[in-house]
Amino acid sequence: MIKFQAILLVAFFTGIFGRQLIQSNIFPFDDDIDDENDFFVPPYKDYPAMARFLVHELDWSPMGTISTLNSIKGFPMVNVISIADSARGEKSTGRIFFYLTDLDFTGIDLKSSNRLTALFSMEQSRNCSDHSTDAMEPTCARVMVTGTAKQLQKNDEEYDFAKKAMFSRHPAARKWIETHNFYLCELDIAQICVLDYYGGPHFVTPEDYYKADPERVFRKRLNHFNLQNIDEDEALERRHHKKSRSLHIRIRRDVDEIDIEV
């Protein structure tokens, strides 16, 4: 009998407001809110808040550049880039921080032509497909943020904040910078495009984007529905300080043994 081991990893989120498991309608109309989690998802008309919401909720982005590869020079190219707008558990800032290296084609492309677009889609956390909504449907929200990459220097005021944010959400980044000459960047935003409902995309200025407060939506809805049974501070605390637990199941067929570790 061929021996093998299988490890199943199932993540359980103790907070009801888990980052990757937002149990909500994709874009709730205020009249359709029937779940406590719905209160955090901005309504489809609030485009700046929706942009801030997705940037804060997601930890990575497909990032497009103009390729310098000889075989496709001048064509669009895309890569997965880990991002952070704040440390895990802290409030949204809207600022998009990320690491680049010139050993990767994204960094090389940007040295040649410093123009990029970062995509943020609700489907990155499976919220759309979990609610039987196709990722290409307008009601599966997406935000396209276009601008340039600004390399941060160690004496810049925001450098320590950005570094803390990246290490908090991406602990593996500590190893990247030691071995592959990664450098810290921020996306200097020129344009924001939001598509979250039928009728075409909407454009948000950087000024309106940074002024938006995605958590204000939650506070407004509490007041609108006059809900006395939801404690605002407690709900926000649980959302910002969620923790996960993992259930590890190890199966050994040769000895008919199952070990469960939490």
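Basis of the calculations
- Residues numbered from 1 in each chain as written.
- Predicted model: local features only at pLDDT ≥ 70, side-chain atom pairs only at ≥ 80, totals over all residues.
- Heavy atoms only, no water.
- Helix = DSSP H or I, 4+ residues; strand = E, 2+ residues; numbered from the N terminus.
- Buried < 20%, exposed > 50% of the residue type's maximum accessible area, 1.4 Å probe, protein only.
- Contact = heavy atoms within 4.5 Å.
- Areas by Shrake-Rupley, 256 points an atom, 1.4 Å probe, with all protein chains shown as cover.
- Salt bridge = Lys/Arg side-chain N within 4 Å of Asp/Glu carboxyl O.
- Disulfide = S-S within 2.5 Å.
- pLDDT = per-residue confidence, 0-100.
- Core = buried A, V, L, I, M, F, W, Y, C linked by side-chain atoms within 4.5 Å.
- Phe/Tyr/Trp six-rings, centres within 6.5 Å; stacked < 30°, edge-to-face > 60°.

By the naming in an unreviewed UniProt entry, the chain goes by CREG-like beta-barrel domain-containing protein and is assigned to Phlebotomus papatasi.

Details of the overall build of the chain
Secondary structure summary: the chain contains eight helices and ten strands in total. Considering the chain as a whole, with its 262 residues, one finds that 44% of them fall into the buried category. For the chain, long-range pairs separated by at least 24 residues make up 69% of all intrachain contacts whose partners lie at least 6 apart in sequence. Of the roughly 14500 Å² of accessible surface on the chain, 51% is carried by carbon and sulfur atoms.

Here we look at the pattern of salt bridges
Proximity of charged atoms lets side chains of opposite charge pair with each other. Applying the stated criterion across every chain, the model contains eleven salt bridges. A salt bridge links R95 to E186; the shortest N-O distance between them is 2.9 Å. Of this pair, R95 sits in the loop between strand 3 (76-84) and strand 4 (97-100) while E186 sits in strand 7 (residues 183-195), and the two are 91 residues apart along the sequence. Notably, a salt bridge pairs E158 with K150, separated by 3.7 Å at the nearest N-O pair. Residue E158 is classed as buried on the basis of its relative accessible area of 17%.

Section: the state of the cysteines
Taken as a whole and judged by the stated rule, the model has one disulfide. Put simply, C128 and C140 are joined by a disulfide, and their sulfur atoms are 1.9 Å apart. Across the S-S bond linking C128 and C140, the dihedral sits near 90°, which makes this disulfide right-handed. Separated by twelve residues along the polypeptide, C128 in helix 3 (residues 127-130) and C140 in the loop between helix 3 and strand 6 (142-151) bring together distant segments of the chain. The pair formed by C128 and C140 is uniform in burial state, with each residue classed as buried.

Quick look at the confidence of the model for the chain
Counting all residues, the mean pLDDT for the chain is 78, and 67% of those residues have values of 70 or more. Between residues 241-253, whose pLDDT stays under 50, and residues either more than four places distant or in other chains, the model counts 50 contacts. Here residues 258-262 is a poorly scored stretch, pLDDT under 50, and it has twelve contacts once near neighbours within four places are set aside; other chains count.

Let's talk about the nonpolar core
With 33 residues, the main nonpolar core has F98, F120 and I192 as its most contacted residues. Among the secondary structure elements, those contributing two or more residues to this core are helix 1 (47-57), strand 3, strand 4, strand 5 (116-121), strand 6 and strand 7. Apart from residues no more than four positions distant in its own chain, F98 is found in contact with M63, I81, S82, I83, L116, A149, M166, Y183, L184, C185, E186 and L187. Ranked by size, the runner-up nonpolar core spans eleven residues in total, among them A84, Y159, A162 and F167.

Some words on helix 4 (residues 159-169)
Of the positions making up helix 4, those classed as buried are Y159, A162, A165, M166, F167 and R169. The secondary structure elements touched by the buried residues of helix 4 are helix 1, strand 3, strand 4, helix 5 (173-179) and strand 7.

Concerning the packing of aromatic side chains
Overall, the coordinates contain six aromatic pairs when judged by the stated rule. With centroids separated by 5.3 Å and ring planes inclined at 65°, the aromatic side chains of Y197 and Y198 adopt a geometry described as edge-to-face. For the ring pair Y209 and Y210, a centre distance of 5.0 Å and an interplane angle of 70° mean the geometry is edge-to-face. Taken together, Y44, Y197 and Y198 form an aromatic cluster joined through their ring pairs.

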